[in-house]
Every structure is written in C-alpha cells, then in structure tokens.
Amino acid sequence: MSALTEAPGVVQKSTRIFVTHEDVATLLGCGKSKAYDIVREVNRQARKKGNHPFPSGKANKYLFSDIFNIPVDEVDKVINGE
C-alpha cells in the first residue's frame, strides 16, 4: 500500500473533511462529553456562517481548525492515525 501512495501522480493521502468527537478529544485532550459539545458548537458556527452543518457527531475540520488555531496538517495527522 505504501508504494501506491508514492506512485507518480499521487498528490497526497486521501483524508476526511470532518472531525469526529474522538478526533476532537485527541486534539484538545478533553473528555468524550466535552468533545461532543465542541462538535455541536462548531456546527452552530457553520450555521451562523451560512454553511451546512455536518450530521450529528461530525464537524467541518477546516472550521474546527480555524476556531481552535490548529493547523489542518495536525488535524489530518490525528484523522489518519499518524
């Protein structure tokens, strides 16, 4: 599989565009219930900006990254389990 990710023409490893409560808990070092609260708040912020919120338990990783000043690269590392 690693040869496939390094093949010519492959730009980068595919990743999700959302974070889950598990990702949030890992990134912020908080508990499960606090992570769910944060996911809900990120979705509220998305609604305020006129964007569509993600389904329950998921939030836009780019908005999350912007709100908490965490580089998207770091968020991707947690999402991909690196």
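The rules we used
Residues numbered from 1 in each chain as written. Predicted model: local features only at pLDDT ≥ 70, side-chain atom pairs only at ≥ 80, totals over all residues. Heavy atoms only, no water. Helix = DSSP H or I, 4+ residues; strand = E, 2+ residues; numbered from the N terminus. Expected span 1.5 Å × (residues − 1). Contact = heavy atoms within 4.5 Å. Core = buried A, V, L, I, M, F, W, Y, C linked by side-chain atoms within 4.5 Å. Buried < 20%, exposed > 50% of the residue type's maximum accessible area, 1.4 Å probe, protein only. Salt bridge = Lys/Arg side-chain N within 4 Å of Asp/Glu carboxyl O.

Undergrad: Would you explain helix H3 (residues 32–48) in this entry?
TA: Since one α-helical turn is 3.6 residues long, residues separated by three or four positions face the same way. Between its first and last C-alpha atoms H3 spans 25 Å; for 17 residues at 1.5 Å apiece the expected length is 24 Å, and the two agree. Against strand E1 (18–20), helix H2 (21–28), strand E2 (58–60) and helix H4 (61–68) lie the buried residues of H3. Looking one or two places after H3, you find Gly50, whose phi comes out positive at around 90°.

Undergrad: What's the story with the nonpolar core in this structure? I'm lost.
TA: Soluble globular proteins tend to bury their nonpolar side chains together. In terms of nonpolar packing, the biggest core is built from 14 residues, with Val19, Val24, Ile38, Val42, Ala59, Phe64 and Val75 touching the most fellow members. At the level of elements, H2, H3, H4 and helix H5 (72–79) are the ones that each hand at least two residues to this core. Among the elements that take part in this core, H3 stands out by supplying five residues, more than any other. Excluding anything up to four places from it in sequence, Val42 contacts Ala59, Asn60, Leu63, Phe64, Ile67 and Phe68.

Undergrad: Got a minute to help me understand the pattern of salt bridges in this structure?
TA: A side chain of one charge can pair with a side chain of the opposite charge if their charged atoms are brought near each other. Taken as a whole, this structure holds five salt bridges when the rule is applied. A salt bridge links Arg44 to Glu41; the nearest nitrogen and oxygen atoms lie 2.7 Å apart. Of the two residues, Arg44 and Glu41 are both situated in helix H3; the distance of three residues between them amounts to about one turn of the helix. Using a relative accessible area of 41% as the deciding quantity, one classes Arg44 as partly exposed. For Glu41, a relative accessible area of 32% corresponds to the partly exposed category. The closest approach of N and O atoms between Glu74 and Lys77, which form a salt bridge, is 3.6 Å. Note that Glu74 and Lys77 are positioned in helix H5 at a spacing of three residues, about one turn of the helix.

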